Amino acid sequence: MPNGSRSRSVVRAIAELPFHERPVLELLNLVGDRSEPDADYAGYGWARISRLWLAEHGAAARSVDDVLLLALHCPDDGEALGDDIELYFELPEQAPVTVLASKFFASWLPRMPEDVSAIVLALCNPHQTLLARPSGTSLPLHFALGEVESWQSRDDGRIELRAPSWRRTS
């Protein structure tokens with residue numbers, strides 16, 4: 001291999017996606033000061049967080065403790081799929097890929113920490129798809145109906161996800 005070149009790793013399967021644990025502030029694009037969410041941010045991964053606040057328009061935010069937070073994205077032009085959501089991954093050194101959330105969860109949830117109380121998706125859901133609890137977990141899943149924005153309070157540092165409404169699988 002010539003000096004200075006890198007071997008190219010092409011993702012060929014869901015299990016090969018570079019879906020890694022990241023610091024929660026980095027994962028939610030909360031590093032630094034911002035006045036508005038960055039609509040072009042397409043970072044993804046997972047983090048553990050001891051307390052996360054879910055806020056709905058016109059209602060008081062509620063806390064969820066001991067969370068496995070999954071930050072994911074859907075394509076801007078994705079189609080409505082009934083009971084599933086198309087996920088979008090921008091990948092280094094190759095074109096973006098899409099995968100159904102149900103297939104992603106089947107591949108990745110068995111690898112995730114299980115000693116948490118709930119899973120929260122930081123995932124925009126523009127078609128307001130009602131998701132079922134993914135197979136392979138008994139944990140409740142919190143997901144938004146509509147767009148999701150992440151915020152960090154300047155007063156107390158609490159991390160909040162805001163959406164038009166939130167749902168929880170049982």
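About the thresholds
Residues numbered from 1 in each chain as written. Predicted model: local features only at pLDDT ≥ 70, side-chain atom pairs only at ≥ 80, totals over all residues. Heavy atoms only, no water. Buried < 20%, exposed > 50% of the residue type's maximum accessible area, 1.4 Å probe, protein only. Helix = DSSP H or I, 4+ residues; strand = E, 2+ residues; numbered from the N terminus. Arc of directions from axis to C-beta. Contact = heavy atoms within 4.5 Å. Pairing = 2+ DSSP bridges. Axes fitted to C-alpha atoms, helices over the stretch in contact; angles between N-to-C directions. Core = buried A, V, L, I, M, F, W, Y, C linked by side-chain atoms within 4.5 Å. Salt bridge = Lys/Arg side-chain N within 4 Å of Asp/Glu carboxyl O. Disulfide = S-S within 2.5 Å.

Peer 1: Mind showing me how you'd approach helix α2 (residues 101–108) here?
Peer 2: Owing to its 3.6 residues per turn, the α-helix aligns residues three or four sequence positions apart on the same side. Looking at α2, one finds that the buried residues are A101, F104, F105 and W108. Seen end-on, α2 carries its buried residues on one side only, within an arc spanning 95°. Against β2 (62–71), β3 (86–89), β4 (97–100) and β5 (118–122) lie the buried residues of α2.

Peer 1: Sorry if this is basic, but what is going on with the sheet that holds strand β8 (residues 159–163) here?
Peer 2: Backbone hydrogen bonds hold the strands of a sheet together, and the pairing may be parallel or antiparallel. Reading across from one edge, β7-β8-β1-β2-β5-β6-β9 is the order of the seven strands in this open sheet, with mixed pairing throughout. Strands at the two margins of the open sheet, each flanked by one partner only, are β7 (149–152) and β9 (165–168). Strand after strand, the sheet turns through a mean of 40° between neighbouring axes, direction not considered. With four bridges connecting them, strand β6 (residues 141–145) and β9 associate as antiparallel partners.

Peer 1: Please explain unusual backbone geometry as it appears in this structure.
Peer 2: Excluding glycine, residues mostly have negative phi values, and the peptide bonds linking residues are mostly trans. The phi torsion at N29 lies on the positive side, around 60°, for a residue other than glycine. Inspection of the secondary structure puts N29 in the loop between α1 (24–27) and β1 (45–56). Although it is not a glycine, D66 sits at a positive phi angle of roughly 55°. Positionally, D66 belongs in strand β2. You can call D66 partly exposed: its relative accessible area is 29%.

Peer 1: What am I meant to see in the nonpolar core here?
Peer 2: One broad rule of soluble globular proteins: the nonpolar side chains tend to lie buried together. In terms of nonpolar packing, the biggest core is built from 29 residues, with F19, L70, L72, L87, F89, F104 and L121 touching the most fellow members. Where this core is concerned, the elements lending two or more residues are β2, β3, α2, β5 and β6. A per-element tally of this core places α2 first, with four residues. Each residue touching L87, except ones within four places of it in the same chain, is listed here: L72, H73, C74, P75, V97, T98, V99, A101, F104 and L123. In terms of nonpolar packing, the next biggest core, distinct from the first, is built from 21 residues, V24, L27, V67 and A144 among them.

Peer 1: Whenever I open this one, the pattern of salt bridges confuses me. Can you help?
Peer 2: If the charged atoms of two oppositely charged side chains come close together, the side chains can form a pair. In this structure the tally under the stated criterion is six salt bridges. R22 is the salt-bridge partner of E26, the closest N and O atoms lying 2.9 Å from each other. For E26, a relative accessible area of 36% puts it in the partly exposed group. Residues D115 and R48 are paired through a salt bridge, measuring 2.7 Å at the closest nitrogen-oxygen approach. Taken together, the residues D115 in the loop between α2 and β5 and R48 in strand β1 connect sequence positions 67 residues apart. Overall, D115 belongs to the exposed group, its relative accessible area being 51%. One salt-bridge network, in which partners are shared between bridges, spans R158, E160 and R162.

Peer 1: Looking at this structure, how should I read the pairing of β7?
Peer 2: In regular strands, side chains alternate between the two faces of the sheet. As defined by bridge partners, β7 adjoins β8 across four bridges and the pair is classed as antiparallel. In the sheet register, S150 faces β8, and the bridge partner there is L161. A loop of six residues connects β7 with β8, the two strands running antiparallel in sequence, and G157 in this loop sits at a positive phi of about 80°.

Peer 1: Where do I start with the state of the cysteines in this structure?
Peer 2: In a disulfide, the sulfur atoms of two cysteines are held together by a covalent bond. Tallying each qualifying case throughout the model produces zero disulfides. There is no disulfide at C74, and the cysteine sulfur nearest it, in C124, is 5.8 Å away.

Peer 1: Where do I start with the environment of L91 in this structure?
Peer 2: Tracing the sequence through the fold places L91 in the loop between β3 and β4. With 73 residues separating them in the primary sequence, L91 and P18 have C-alpha atoms 8.0 Å apart.

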